[in-house]
Amino acid sequence: MEFDAIYASYEDGIDTTGQDEGKPQKRRGRRCLVLKTVCLGLICVLLLVFITLYITITAERDLLKSYKNTAEEFNHTINSLQDNYTDLMSEKDQLKNSFNSLSQKKLELETRVNDLSVEKGQLQRSVESLSQKKLELETRVASLSEELTKVFKEGYQCSLDGFFMSNKPMSWSESRQFCRDRGADLIIINTEEKQRCISSFKERVWIGLSDIENEGNLKWVDNSTLIQGFWTEGEPNDDKGIEDCVEIRYSCSSSNLNNWNDLPCSEKRKGICEK
Ligand code: 293
Ligand code: CA
Ligand code: CA
């Protein structure tokens, strides 16, 4: 109604030509055009509003989506960091346990090292004391050996040099080795003087005579054959078929030079060595 009134007054103002015929029809046509134009304008405005709203909403939705994605990524990162943290804490606990156990072992080892050091000190002192005792004993043995040789020489009026006796009873071979280790060998008695010199010795001793290699064929240690023997009566008898080495038997009478006896080589006797 308002529009009709406006257009009517407008049409009235314009039409100054005085032509009245067909006026209402034209007026209606114009009104209709104006209405259409207005409607179109309104539609355009509404369309513009809709498009603007659509773009804005779409942009907001995309933004929200992006925020959501970012939030999910954050969550994911946080979860992963939490997992890492848990792993690291567990590793830390393990390392702590290992450290404690190693510290304990270190302490034990330190204690062991200390104990061993103490033990080492004691052993070193023992070794020193034993070395000292060994030296003393060696000196004593040397002095006794010297004394023995002196007695051996003086007691039996032996004027022969280069004689000495092994320090303990051994088999014939061991006694021989004792002599050889000292640059000598078991004595070879190839003169009466030698036999006289040692025959009254108050021990049973080995001499360097044997038939080890060939039964009945007695030989000296230098491989020479026996020429003159100083046998006890009835010797050598190879008793039980096992007597291959020769000893000098202890004899009360130093005037009795016949004091040799064959006996098993495994018997233990001291040996008389000759250089
Ligand atoms: C037998 C007879 C003894 C002799 C002895 C020694 C051993 O037992 O008269 O003293 O043999 O020859 O070597
Ligand atoms: Ca024999
Ligand atoms: Ca015999």
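Please refer to the structure higher up on the page.
The structure reproduced in this document is the subject of the present report.

Rules of the game
- Residues numbered from 1 in each chain as written.
- Chains lettered and ligands numbered in written order.
- Predicted model: local features only at pLDDT ≥ 70, side-chain atom pairs only at ≥ 80, totals over all residues.
- Heavy atoms only, no water.
- Donors = N, O, S within 2.8 Å, 3.2 Å for Na, K, Ca; no water.
- Helix = DSSP H or I, 4+ residues; strand = E, 2+ residues; numbered from the N terminus.
- Patch = residues over 30% accessible without salt bridge, like charges linked within 9 Å, V, L, I, M, F, W, Y side chains within 5 Å.
- Areas by Shrake-Rupley, 256 points an atom, 1.4 Å probe, with all protein chains shown as cover.
- Salt bridge = Lys/Arg side-chain N within 4 Å of Asp/Glu carboxyl O.
- Buried < 20%, exposed > 50% of the residue type's maximum accessible area, 1.4 Å probe, protein only.
- Pairing = 2+ DSSP bridges.

Observations concerning the coordination of the calcium ion (ligand 2)
Part 1 of the argument: Surrounding the calcium ion (ligand 2) are the protein donor atoms Asp211 (OD), Asp211 (OD), Glu215 (OE), Glu215 (OE), Asp238 (OD), Glu243 (O) and Asp244 (OD), which sit 2.2 to 2.9 Å from the metal.
Part 2 of the argument: One chain supplies every donor for the calcium ion (ligand 2), spaced along it as D-x3-E-x22-D-x4-E-D. Note that aspartate 211 is positioned in the loop between strand S3 (205-210) and strand S4 (219-220) and aspartate 244 in the loop between S4 and strand S5 (245-248), a separation of 33 residues in sequence.

A look at a nonpolar patch on the surface
Part 1 of the argument: Among the surface-exposed residues, Val45, Leu46, Val49, Phe50, Leu53 and Ile57 lie close enough to one another that they form a single nonpolar patch of about 580 Å² accessible area.
Part 2 of the argument: If you trace the backbone, isoleucine 57 turns up in helix H2 (residues 23-155).

What about the pairing of strand S7 (residues 270-274)?
Part 1 of the argument: Among the five residues of S7, five are classified as buried, and the element is accordingly described as predominantly covered.
Part 2 of the argument: Alternating positions in S7 separate into two faces, Lys270, Ile272 and Glu274 on one and Gly271 and Cys273 on the other, with burial throughout.
Part 3 of the argument: The pairing of strand S1 (residues 163-165) with S7 spans three bridges and is antiparallel. Within the sheet, the bridge partner assigned to methionine 165 lies in S7 and is isoleucine 272.
Part 4 of the argument: Bridge count for strand S2 (residues 185-186) against S7 is two bridges, and the pairing is antiparallel. Looking across to S7, one finds that aspartate 185 is bridged to glutamate 274.

Considering unusual backbone geometry
Part 1 of the argument: Following glutamate 235, the chain continues into proline 236 via a peptide bond in cis, with omega recorded as -5°.
Part 2 of the argument: Note on placement: proline 236 falls in the loop between S4 and S5.
Part 3 of the argument: Phi is positive for aspartate 238, which is not a glycine, with a value near 40°.
Part 4 of the argument: Its location among the elements puts aspartate 238 in the loop between S4 and S5.

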